[in-house]
Every structure is written in C-alpha cells, then in structure tokens.
Amino acid sequence: MSMLSKTLPGTIPVTAQALPSWLTFLLALACGLIAANVYYAQPLIRLISVDLGLSLQAAGLIVTLTQLGYITGLIFVVPLADLIETKRLTISVMAVSILALIGAALATKAEGFLFACILLGLGSVTVPILVPHAAHLVAESVRGRTVGNLMSGMMLGIMLARPISSLIADHSSWHTVFIVSAAVMTLLAISLHFALPTRRPQGKFSYGHLLGSMLTLARQTPVLRRRAIYHFFQFAAFILFWTVTPLLLTGPVFHLSQTGVALFALAGVAGAIAAPIAGRASDRGWTKPATALGMLAVAIAFLITHIAEAGSPLALALLVVAAIMLDFGATATLVLGQRVIFGLGSEIRGRVSGVYMIIWYFGGALGSSVGAWAYAHGGWELASWVGLSLPVIGLLYFATEKE
C-alpha cells in the first residue's frame, strides 16, 4: 500500500510500505522549518550582539542558551510523545515556539532576547516528536529511507536558516527574521492540525516513570549511548564551525557583508544530500563504514582550512568546501544514528529519540560556547584546531566498537 491504512479514530497502524508522498513532504517541510528556528540567529550574532550590547565573548550565549532550551525540552517534553496523543502534543509545543519568536522579534535588551532564545529552543523540540511518529507509520524495510527523508528536511532547514536570516537582516533587520518565522510557524501549525495522523501511545506509564526510564534507557542500551556519543562530537564540531565562521567572515580577515555570509552558508546546503544517501546505506546494512566516512569528512573539513593564507580567495574557497564536507558528515552521522535507535522498539521511540538528542545537543551547547571563547582568544587558528579535535575524539571512540 502507498496510502495509510484505514483505521478507527485515534489509532494508526504501521503500513506495509512508505507514507504517502504528500505527507512525507509535509513532515519533512515541518522538520526543516521548525529546526531552522534554532539557527536563524547564528549568522546574526555580531549584529544582535552590537544592537543589544553583548560582548564578543558573551555572544556565544545566543546559540548556547537556545541549545540548552532545546535540551530542556528534550528532557521534559519529548518523553510525553510516549504518553500524549501526537497531534495535540505537536501543536502545543509549536505554540511555545511562536510566542518565543514574537518575544525575540520585540526584544530591545539582551536579557529579554536571551530568555526568548531559551523558550525558542524549548519550543523547537517538535522535530524529535515528529520523526519517531513517522517511524511508527512505516515498515522496517523502508524506515531508514523515511527517516532519511525527514532528516533531509531538517538539515535543509538548519542549513538554509543561515543564508535566509542573513539576507533578510541585510535588507531589513534581524528583528524581521523572527517576525517572519512566527508567521510561518503559525501557518505550519494550522496545516499540521488538519493533516497530521493521530496516534495514541499504548503505554500506561506515568510522566515520572517516563522521565526516570530515560536514564535507564541511556544506562542499559549500549547502542543508543554509543550512537548518541558519536553524534555528540559531530554536532559539537558542526555548531562550533557555524558559530565561528560568521564572526570570521564578517571580521577584518574577509570583510564580507551579511549577504556574503548568506551565500557562503548557502553553499553548505549541498551537504544535505547526505541524508537520503545515509538512509539508503543503513537500509542496506552499511551503517558502520558510512559512520566512519561521516566522521572523517568532518575532521578533514577543519584540516583543509589551514592550507591557504588567511584572507586569500583560495582560503575562502576552501572554507566553502569545508562547509559542504562538514554538513555532509554531520548529516550522515545523524541519519545513521536515528535509523539504528528507531529499531530498538516502537513503544520507546519517543524516549529513545529524547535520550539520543539530549546527548548530542549537549555537544551543540559545548561547541557554541567553546567556539566563541576560542575565537575570542585565538581567532580561527585556535577555534579550528578545537573543532578538529572533536571528530578525532569521536573516531577514537568509534574504533572501540565491536562487530
């Protein structure tokens, strides 16, 4: 079957094949638009910091607090996917992100904006609710492809967020970025309300039990823990790169405008092609070699930025290549990891998704804070070597994996 099976209201069965194409597209679009909210501020760090009176060293808080808000949502909100009907939970969480976007748009002081960043991160955890939901709806044979499609949407959203926000800010203001996103989120919430299939979790656990079981899952499920740690290092490197490069490109080395940063970030979107490739590779049993290649790609991305003289056209070209390689490697590792953990059991997918993302989003918080600090104290030279160390550590841990 290519369409969802007919069923009683409030339930949804696993299909024999894939989701309808229109539903896959809508869910992928939703994942991209929602994930983008966490990253709109990255290329605008200098603009926002100057406008709100934040120092260069404190500028990393814009990204770090958003990541920490996201982690809070992963801990306390995402487990509810195993307890509360999916559509109701999705729309409720999106309402928080809409309010946060409005707050960010209206902020005139650093404290107000940073508080909105925390709420924005918290309200953006709809993605780890929607992806396990989609995994529930398809057969095992196409689960990797389905997850890959949704991850393509998410990664495209993350990667396009940077050039889109840069272009809007260059032609209007950074406040406009958040106003536009609030309007888009409102339209998306209405669309999901009418189109999203309902699913009532079968578990009868209490909320307290669900929260406690996440720690148990992390402790007693080695494959979940290992996959999350792999992406911890990948995502830390990813966030470090995209936190620091806007500062580098708009600074005295390259002197790019926000439009120039937008074009640079747009090149990195090519790395999103890794999602469907990784999904199909995992369906064919090539998860381990594909994981190694993803980690190597991120490590090599940082290395090649040291080949040319800083500020030269070749150095800028190599930064573009590095952005593509880094986005490719991080995306591949994410899809491969989610494909593995979603095979652990349908009744725990919400919590498994939460544990996985909690661990690797701590990596994102680490990457943003350490990246901003390293750049403030040693420029790209120090920041890039810190970035290189992250996938290298991940590779050393990966080397301990047994067949």
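All residue numbers here refer to positions counted from 1 along the written sequence of the relevant chain. Totals for whole chains, interfaces and linings use every residue, but because this is a predicted model, local features are given only for residues with pLDDT of at least 70 and side-chain atom pairs only at 80 or more, for both listing and counting. Note that the side-chain values use all heavy atoms of the structure and ignore hydrogens as well as water.

1. Topic: the overall build of the chain
Then, number 1: Looking only at helices and strands, one finds 15 helices and zero strands in the chain.
Then, number 2: The quantity called the radius of gyration is restricted to C-alpha atoms. Its globule counterpart is 2.2 Å times the number of residues to the power 0.38. In summary, the chain has a C-alpha radius of gyration of 20 Å against a globular reference of 22 Å for 403 residues, a match within 12%.
Then, number 3: Referenced to the eigenvectors of the C-alpha coordinate spread, the extents of the chain come out at roughly 60 × 50 × 35 Å.
Then, number 4: Here the chain, with 403 residues, has 59% of them falling under the buried criterion. Strands here are runs of E lasting at least two residues and helices are runs of H or I lasting at least four, both read from the DSSP assignment and numbered beginning at the N terminus. Only protein chains enter the calculation, and the probe is 1.4 Å; a residue is then buried if its accessible area is under 20% of its type maximum, exposed if over 50%, and partly exposed in between.

2. Quick notes on the packing of helix α4 (residues 86-106) against helix α8 (residues 174-195)
Then, number 1: Angular values range over 0 to 180 degrees, each being the angle between N-to-C directions of two axes fitted as lines to C-alpha atoms, with helices fitted over their stretch in contact. Contact geometry for α4 and α8: axes closest at 8 Å, N-to-C directions at 165°. In terms of axis orientation, α4 runs roughly antiparallel to α8. Once α4 is placed against α8, the crossing between them reads as left-handed. Touching Lys87, Thr90, Ile91, Met94, Ser97, Ile98, Leu101, Ile102, Ala104 and Ala105 of α4 are Trp174, His175, Phe178, Ile179, Ser181, Ala182, Met185, Thr186, Leu188, Ala189, Leu192 and His193, all from α8. Comment on the angle field: the value is read as roughly parallel under 35 degrees, roughly antiparallel over 145, roughly perpendicular from 65 to 115, and oblique elsewhere. The crossing is said to be left-handed when, going from far helix to near helix, the turn is anticlockwise and less than a right angle, and right-handed when the turn is clockwise. Working rule for contacts: check all heavy atoms of both residues, and any pair within 4.5 Å makes them a contact.

3. Things to note about the environment of His377
Then, number 1: Mapped onto the fold, His377 is located in helix α15 (residues 349-398).
Then, number 2: From its side chain, His377 meets the backbone oxygen of Trp373 in a polar contact 2.9 Å long. A 3.5 Å cut-off defines polar contacts: any pair of N or O atoms within that distance qualifies, except that in protein one atom must be a possible hydrogen donor and the other a possible acceptor, and neighbouring residues in sequence count only when both atoms are side-chain atoms.

4. What about the layout of surface pockets?
Then, number 1: Only protein atoms enter the 1 Å grid, on which a cavity is a set of points fitting a 1.4 Å probe that cannot get out and a pocket is an open set with protein on both sides within 12 Å along at least 5 of 7 lines, lining residues being those with an atom within 4 Å of a point. Grid points are joined across faces, edges and corners, and a volume is the space filled by probe spheres set on the points. In this model, the largest pocket occupies a volume close to 310 Å³.
Then, number 2: Taken together, 18 residues make up the lining of the largest pocket; nearest its centre are Leu29, Gly32, Leu33, Gly157 and Leu160.
Then, number 3: Put simply, the parts of the chain that give the lining of the largest pocket at least two residues each are α1 (21-36), α7 (143-171) and α8.
Then, number 4: Polar here means any residue other than Ala, Val, Leu, Ile, Met, Phe, Trp, Tyr, Cys and Pro, which are nonpolar, and Asp, Glu, Lys and Arg, which are charged; Gly is therefore polar. Each residue belonging to the lining of the largest pocket can be placed in one class, and the counts come to 14 nonpolar, four polar and no charged.

5. Digging into the side chain of Thr245
Then, number 1: Topologically, Thr245 is positioned in helix α10 (residues 222-250).
Then, number 2: A polar side-chain atom of Thr245 sits 2.8 Å from the main-chain carbonyl oxygen of Phe241.
Then, number 3: Not counting the four nearest positions on each side in its chain, Thr245 is found in contact with Phe264, Leu319 and Trp380.

6. Topic: α8
Then, number 1: Here the expected span of a helix is defined as 1.5 Å times the quantity of residues minus one. With 22 residues, α8 extends 32 Å between its outermost C-alpha atoms, agreeing within 8% with the 32 Å of an ideal straight helix rising 1.5 Å per residue.
Then, number 2: Every buried residue belonging to α8 is among Trp174, Val177, Phe178, Ser181, Ala182, Met185, Leu188, Ala189 and Leu192, and all of these are buried. Down the axis of α8, the sector holding all buried residues measures 135°, keeping them to one side. Exposed side of α8, more than 90 degrees from the buried face: Ile179, Leu187 and Phe194 are the residues found there. Arc, as used here, means the arc of the directions from the helix axis to the C-beta atoms.

7. Observations concerning a nonpolar patch on the surface
Then, number 1: A residue counts toward a patch only above 30% relative accessible area and without a salt bridge, and it is joined to like-charged neighbours within 9 Å or, for Val, Leu, Ile, Met, Phe, Trp and Tyr, to nonpolar neighbours within 5 Å. Method for areas: the Shrake-Rupley scheme with a 1.4 Å probe, in which residue coverage is limited to the protein chains shown. Each reported salt bridge corresponds to a side-chain nitrogen of Lys or Arg within 4 Å of a carboxyl oxygen of Asp or Glu. A cluster of nonpolar side chains, contributed by Phe76, Leu83 and Tyr207, occupies part of the molecular surface with about 250 Å² of accessible area.
Then, number 2: Checked against the element boundaries, Phe76 lands in helix α3 (residues 61-76).

8. Some words on the packing of aromatic side chains
Then, number 1: Note on ring pairs: Phe, Tyr and Trp rings are taken, using the six-membered ring of Trp, and paired if centres are within 6.5 Å. Classes follow the plane angle, with under 30 degrees stacked, over 60 edge-to-face and the rest tilted. Scanning the entire structure with this criterion turns up 15 aromatic pairs.
Then, number 2: Aromatic pair Tyr230 and Tyr397: ring centres 5.7 Å apart, planes at 65°, arrangement edge-to-face. Taken as a pair, Tyr230 in helix α10 and Tyr397 in helix α15 lie far apart in primary sequence, 167 residues in all.
Then, number 3: Residue classification places Tyr230 among the buried residues on the basis of a relative accessible area of 0%.
Then, number 4: By relative accessible area, which is 25% here, Tyr397 ends up partly exposed.
Then, number 5: Here Phe241 and Trp242 contribute two aromatic rings whose centre-to-centre distance is 5.2 Å and whose plane-to-plane angle is 80°, an arrangement assigned as edge-to-face.
Then, number 6: Look at Trp242 and you get buried, because its relative accessible area is 1%.
Then, number 7: Through pairs of rings, three or more aromatic residues link up here, namely Phe241, Trp242, Phe264, Phe302 and Trp380.

9. Some points on the nonpolar core
Then, number 1: By size, the foremost hydrophobic cluster in this structure holds 133 residues, and its most contacted members are Phe113, Met154, Phe178, Phe238, Phe241, Phe302 and Tyr361.
Then, number 2: Apart from residues no more than four positions distant in its own chain, Phe238 is found in contact with Met155, Ile158, Arg162, Leu326, Asp327 and Ala330. Only buried residues count toward a nonpolar core. Its members are Ala, Val, Leu, Ile, Met, Phe, Trp, Tyr and Cys residues joined through side-chain atoms within 4.5 Å.

Don't take any of this as a statement about function, it's just geometry.
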